[in-house]
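Okay, here's what each chain looks like letter by letter:
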Amino acid sequence: MCHRHFFGAVLLFTALLAAPSIAIGFYADDYHFFAFLDERYPVSPPWYDLYRFFAGDARATRALIELSGVPWWTDPEIKIHLVRPLASALLALEHALFGDAPLPYHLVSIALYIALVAAAGRLFQRVLPGATGALALLIFAISAAHVNPVGWISCQHLLLGALAVVLGLIAWLRHRDEGWRPGRYLGPLGLFVGLLGGEVALGGTGYWVAYQLAGPAPRGGAGGRRARLASAAPALGVVAYFAAYKAIGGGAARTAAYVEPVSDPLGFARAAIERLPVLVGQAVAAIPSDLANALPSGPFIAAGLAATAGAALLYRACLPWIPEGERVALRWLVPGAALALLVTVGGFPGARLLLLPNLGFAPLLAVLILRGLRRGPSPGIASAARRAGAGLLGVVHVALAPLLFLVNTRMGADIAGKVEDVARTAEIGAPPTKRVFVAAASDPMAATYPAPIVIMRSPDAISCWSVLSMAKAAHRLTRTGPSSFTLAPVERPMLTGMFETLYRSPDAPLRVGDSVRQCGATIRVAAVDGGRPTRIEIDLGTPLEDPELALLTWSDGRLRRVAPPAVGETLELPWFPGPIGFF
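A. Region of interest: empty space enclosed by the protein. Per the stated rule, a full pass over the model turns up two cavities of 30 Å³ or more. In this structure, the largest cavity spans a volume of roughly 60 Å³. Around the largest cavity, the lining residues are Ala440, Ala441, Ser442, Ala471, Ala473, His475, Thr553, Trp554, Pro574, Trp575 and Phe576. A breakdown of the residues in the lining of the largest cavity according to their chemical character gives eight nonpolar, three polar and no charged. Taken as a whole, the second largest cavity spans an internal volume of roughly 30 Å³. Every residue along the wall of the second largest cavity is listed here: Val165, Gly168, Leu169, Gly187, Leu191, Gly204 and Trp208. Considered class by class, the residues forming the lining of the second largest cavity number four nonpolar, three polar and no charged.

B. Layout of the packing of aromatic side chains. Throughout the structure, instances matching the rule amount to 22 aromatic pairs. Arranged with centres 5.3 Å apart and planes meeting at 45°, the rings of Phe348 and Phe499 form a pair that is tilted. Of this pair, Phe348 sits in the loop between helix H15 (324-344) and helix H16 (358-372) while Phe499 sits in helix H21 (residues 498-501), placing them 151 residues apart in sequence. Under the relative-accessibility criterion, Phe499 is labelled buried at 16%. Directly above the ring of Phe7 sits Arg122, whose terminal nitrogen or CZ lies 4.2 Å from the centroid.

C. Broad picture of the sheet that holds strand S11 (residues 549-555). Judged by pairing direction, the sheet is mixed, and its four strands sit side by side in the order S5-S4-S11-S12 without closing on themselves. With partners counted over all chains shown, the strands left at the sheet margins are strand S5 (462-467) and strand S12 (558-561), one partner each. Shown here is a sheet whose adjacent strand axes are inclined to one another by a mean of 30°, direction ignored.

D. Expanded view of the state of the cysteines. All chains considered together, the criterion is met by one disulfide. The disulfide partner of Cys464 is Cys519, and the S-S distance across this bridge is 1.7 Å. The sign of the S-S torsion, about 75°, decides the handedness of the disulfide formed by Cys464 and Cys519: right-handed. Taken together, the residues Cys464 in strand S5 and Cys519 in the loop between strand S8 (515-518) and strand S9 (521-529) connect sequence positions 55 residues apart. When its relative accessible area of 8% is taken as the criterion, Cys464 is described as buried.

E. Region of interest: the pairing of S12. Two strands pair when backbone bridges link them, and S11 and S12 are joined in this way by four bridges, in the antiparallel orientation. Its bridge partner being in S12, Trp554 is matched across the sheet by Leu559. Counting the residues in the hairpin turn of S11 and S12 gives two residues, including Asp556, whose phi is positive at 55°.

F. A look at the environment of Ala446. Secondary-structure assignment places Ala446 in helix H19 (residues 444-447). A relative accessible area of 0% places Ala446 in the buried class. Residues Ala446 and Pro577 lie 131 residues apart in sequence; the distance between their C-alpha atoms is 9.6 Å. Contacts of Ala446, omitting those with residues within four sequence positions, involve Val422, Ala441, Trp554, Leu559 and Pro579.

G. Structural view of the sheet that holds strand S1 (residues 52-55). One open sheet holds the three strands; their spatial order is S1-S2-S3, and the pairing between them is antiparallel. Every other strand in the sheet has two partners, leaving S1 and strand S3 (251-253) as the edge strands with one partner each. Going across the sheet, the axis of each strand differs from the next one's by a mean of 30°, ignoring polarity. Relative to S3, strand S2 (residues 79-81) runs antiparallel, the two sharing three bridges. Paired with Ile80 across the strands is Ala252, a residue of S3.

H. Looking closely at the pattern of salt bridges. Counted under the stated rule, the structure contains 19 salt bridges. With a closest N to O distance of 4.0 Å, Glu77 and Arg254 form a salt bridge. Taken together, the residues Glu77 in the loop between helix H3 (58-66) and S2 and Arg254 in the loop between S3 and helix H13 (265-285) connect sequence positions 177 residues apart. Among the ionic pairs, Glu324 bridges to Arg331, the shortest N-O distance being 3.5 Å. Assessed through its relative accessible area of 47%, Glu324 is described here as partly exposed. Taking the relative accessible area as the measure of exposure, Arg331 reaches 41% and is therefore partly exposed.

Calculation notes
- Residues numbered from 1 in each chain as written.
- Predicted model: local features only at pLDDT ≥ 70, side-chain atom pairs only at ≥ 80, totals over all residues.
- Heavy atoms only, no water.
- 1 Å grid on protein atoms, 1.4 Å probe; cavity = no way out; pocket = protein on both sides within 12 Å on 5 of 7 lines; lining within 4 Å.
- Points joined across faces, edges and corners; volume = space filled by probe spheres on them.
- Nonpolar A, V, L, I, M, F, W, Y, C, P; charged D, E, K, R; others polar.
- Phe/Tyr/Trp six-rings, centres within 6.5 Å; stacked < 30°, edge-to-face > 60°.
- Helix = DSSP H or I, 4+ residues; strand = E, 2+ residues; numbered from the N terminus.
- Buried < 20%, exposed > 50% of the residue type's maximum accessible area, 1.4 Å probe, protein only.
- Lys NZ or Arg CZ within 6 Å of the ring centre and 35° of its normal.
- Pairing = 2+ DSSP bridges.
- Axes fitted to C-alpha atoms, helices over the stretch in contact; angles between N-to-C directions.
- Disulfide = S-S within 2.5 Å.
- Contact = heavy atoms within 4.5 Å.
- Salt bridge = Lys/Arg side-chain N within 4 Å of Asp/Glu carboxyl O.

Next up, the structure:
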């Protein structure tokens, strides 16, 4: 691993590993952004602020709900405004240059990822020279947690933010350790540019602060607590960032998916307690954290805590064989990773949040593998356990990691293709333009994401798209009149899944009698359980047989027509897994 061509070989392997992501094409939010840029929606954010999904304006959100741009249960006071001007501008530029051809977008993402891996390699060479730094680079490059940032065009903001931060950190380290004057300015500039890319760059301040407080003494021996605190002062620019972020309306509120510490510190604390162990479980033991969004999170939390304890015990067992230089590096890299993870944990949960934290986790894993595999002077159970633990990490993060990367990429491509098929095969029917109502579909890839694809591909096919329920359950549809029916999930209420509570936090319960106008229909909450609807009443305003209506349900891999029952009769709508397979 110390061969002079190893660095280039890792970059080449990274390119080969990332290349299959081209098959993903466009996916999920990509279509929303393109619809924004083409102004296909009645209300679209400007090109420099594409991640402004909800501005926190109740009046504007109610209008959006009525136009069916979002689910009917969306909280009117919701805010999801992620200030990412650089990422927005990049998407707008790509769309202007490349249009509907996904290949160039993916080439940009792959190039950004290779640049990030190269920057991470330079950082590792600086703080962990030799085989340990080389192995850390390989582990970082092939991590399966990085599949979404590489393969999902909408995640380019993660690559932009992380790349700028790492380059800035390298420049700052050169200034602090070597007296390189440009680094004094390039370091903060990297952080600033990263923050323009996205809030992921906030995680970079974790490494910055951790290095000042726990890293080696500054050049010339000017150490001490006071000097370290003073040298950490540039990170105070984050305070100015938060002030500016809030001043222009950025932030999140009234959603269970995005939680910020400023407006909801208790909610952020609750989210961190649940999400941190899950993400650490993936970082340390490659336990897929995305599954915790679809399955009960308890086992993932327990597995993450066990993985953390196991890594701590293994580190302690390896201590006699860890050189002082590696201890010094881990002394700030691991706390930096923890701070980076804590800062980003308020985002929508998923493995993609590990992109910047892995800058610290990869060196830790490299040390545990290389030092843990060494033979001790006295063989025994403890030595065997240490070597077994290190070997297991080696298998997971080196031997199996490329395979996991490719498998996750293949899964992403399969899901993207299935969503395209859902939009293409949805039984909307021929003209006239339809009002589409999806009675039941728990998977967002079947419920919400086909809509922008239909709008982009056949703009005259639909006038609106309303999702009535995303509950992961069978449903009963009972016709109560020529134009009306009730819809009730069986054995569980609505608004329990992550993609349902994305639009309304459990802290904003619905009540019996709450009524919403959407897509020309009136939707009324008829029964609730703990603020979650168990039955809703829908009046479409015209008979269910109206040719301008399309009442659909997710059934056996397609959005199929629901044959309207007679008044007073009930239809059973079975639950089927969607394109993702777990929702």
